[in-house]
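Understanding the architecture of this molecule
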Amino acid sequence: MHTEHGGTEHGGTEHGGTEHGATDSEFADGQFYADPHAAYRRWRTEGGARKVRFGGAAGLEGWVVTGHAECRTALADPRLSKKAVTEAFAQHVGNSEDGPGRDLMTHMLNSDPPEHTRLRKLVQQAYTGRQVATLRPMVERHVGALLDQLDGLDSAELISEFALPLPLAVVFELFGVPQAERENLQVRGNTVDAGPEDGGRADGEVSVETAEGMADYLRALVDHKRTHPGDDLISELLAAQADGDRLTEAEITSMAFLLAIAGHQSTVNLIANGIHALLGHTEQLAALRANPELLPGAIEEVLRYESPFSVASLRRTTEPVTIAGTTIPAGEFVQIALLAANRDPAVFADPDRFDITRPDATRHLAFGHGIHHCLGAQLGRLQAEVAFSELLRRFPALRLAEPAAAAQWQENPRHRGLLSLRVLLH
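Only a predicted model underlies this, so the values are computations on that prediction, with no experimental measurement involved. (Residues numbered from 1 in each chain as written. Predicted model: local features only at pLDDT ≥ 70, side-chain atom pairs only at ≥ 80, totals over all residues. Heavy atoms only, no water.)

**Structural notes on the side chain of Ser235**
Operational definition: To qualify as a helix, a DSSP run of H or I must reach at least 4 residues; to qualify as a strand, a run of E must reach at least 2; elements of each kind are numbered from the N terminus. Exposure categories follow from relative accessible area, calculated using a 1.4 Å probe and restricted to protein chains: below 20% of the type maximum is buried, above 50% is exposed, and the middle band is partly exposed. In this analysis, two residues are considered to be in contact whenever any of their non-hydrogen atoms come within 4.5 Å of each other.
Looking at where Ser235 falls in the secondary structure, it is placed in helix 11 (residues 233–239). Judged by relative accessible area, which is 8%, Ser235 ranks as buried. If sequence neighbours within four positions are ignored, Ser235 has contacts with Lys225, Pro229 and Gly230.

**With respect to the environment of Leu392**
Summarising the element assignment, Leu392 is placed in helix 16 (residues 377–394). Given a relative accessible area of 9%, Leu392 falls into the buried group. The spacing of Leu392 and Leu425 is 33 residues in sequence and 9.9 Å in space, taken between C-alpha atoms. Ignoring anything within four residues of it in the chain, the contact list for Leu392 reads Leu285, Leu288, Arg289 and Leu398.

**Description of helix 3 (residues 68–75)**
Three or four residues apart is the spacing at which side chains of an α-helix point the same way, because the helix has 3.6 residues per turn. Threshold: Think of the arc as the fan of directions from the helix axis to the C-beta atoms.
Within helix 3, the full set of buried residues consists of His68, Cys71, Ala74 and Leu75. Angularly, the buried residues of helix 3 cover 130° about the axis, an arc narrow enough to put them on a single face. Exposed side of helix 3, more than 90 degrees from the buried face: Ala69 and Thr73 are the residues found there.

**Points about the pattern of salt bridges**
We apply this condition: What makes a salt bridge here is a side-chain nitrogen of Lys or Arg within 4 Å of a carboxyl oxygen of Asp or Glu, nothing more.
Taken as a whole and assessed by the stated rule, the structure comprises 26 salt bridges. Between Arg41 and Asp352 there is a salt bridge, with the nearest N and O atoms lying 3.2 Å from each other. Of this pair, Arg41 sits in helix 2 (residues 36–46) while Asp352 sits in the loop between helix 15 (338–341) and helix 16, placing them 311 residues apart in sequence. Given the relative accessible area of 35%, Arg41 is considered partly exposed. Glu385 is the partner of Arg136 in a salt bridge, and the nearest nitrogen-oxygen pair spans 3.2 Å. Here Arg136, found in helix 6 (residues 136–148), pairs with Glu385, found in helix 16; they are 249 residues apart in sequence, far enough to count as distant. For Arg136, a relative accessible area of 28% gives the class partly exposed. Looking at Glu385, the relative accessible area reads 26%, which means it is partly exposed. Within this structure, Arg41, Glu306, Arg343, Asp352 and Arg416 form a network of salt bridges that share partners.

Read these as spatial facts, not as claims about activity.
Put into structure tokens, the structure is as follows:
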């Protein structure tokens, strides 16, 4: 990530920022992603919004917002449009309205009111109708099955063997995917050894081939559920209606794709980041083992301390927007840095300290804020609660296989997640 700071209108240099158009080598990708908190700490101190380029010279240029108050306001600002981002990228790649992949972009995360209001109302009717509490036995069953496979082993890589397959198993069961077909629906998001199939990346992103294959399967699944409905989320999305309105097949496919490909990443990172944080802070781990009732608070502190997503999904200004004294022109991309907001000392005392008894941890923005607040937040929390509880119960000697400082993090501006989490089980 390269950066230039705009502290005054249209990219001035107040607050000690660099000259407009300059880049700062301190924020070369590898160094930045190893410890983004250091950069965010400085950016918050300098204030305002900052012009950045993610991914080097060929990457995306835009603005990043870092303070908690500024991020919270930006997340709810209708002038920071989600639809405008989708339209900009579609124009960039030359996609027409009915071009390839366009039906996968019609979910509510890519829309603004009133279309977002319509989609959220219909999706929420089906999604929240399945009360999260009733899903606990299913989550416990999947957690137990995955941990059974670790019994008898001396060590494990907890992402590929536990944190990654868990949310996939849960979402596929929610969709009503037959057990025999789930084996063919694997998603490799986190990997240290990025091979040619990953484009040489070690960034936690799902490959294009995997995404396209998943999309094709989901289209066929939606089509099948239309004539063979069952007790599953896809069938409920097909049946959902409000004021005579229903979701189209493309909208259902797009929403399912969002949950399967993008939605699982937050749970993978929440579980892996949480286990890493607990095992790296032995006094906090001991406190949790001594008092399991601290677990809900521990999950909120994990969400604050190492938010599963580094930044919220991309926005674009539809008119000039002033944030903390910095005016961002119309037509500019904006990144809202959740990771930075959640360690803002103006809100959280001693923010770089991991404390599972922190009384105000729930003020974090890990799941966003406003109309785009994550619909699956409670399901993610449930999976983390069962995963942490059972993992610590089944393996009382659980510990990191190497020092916490040796962790390898995804080199991805959107995600905050580990590439590997090797542990000793006994």
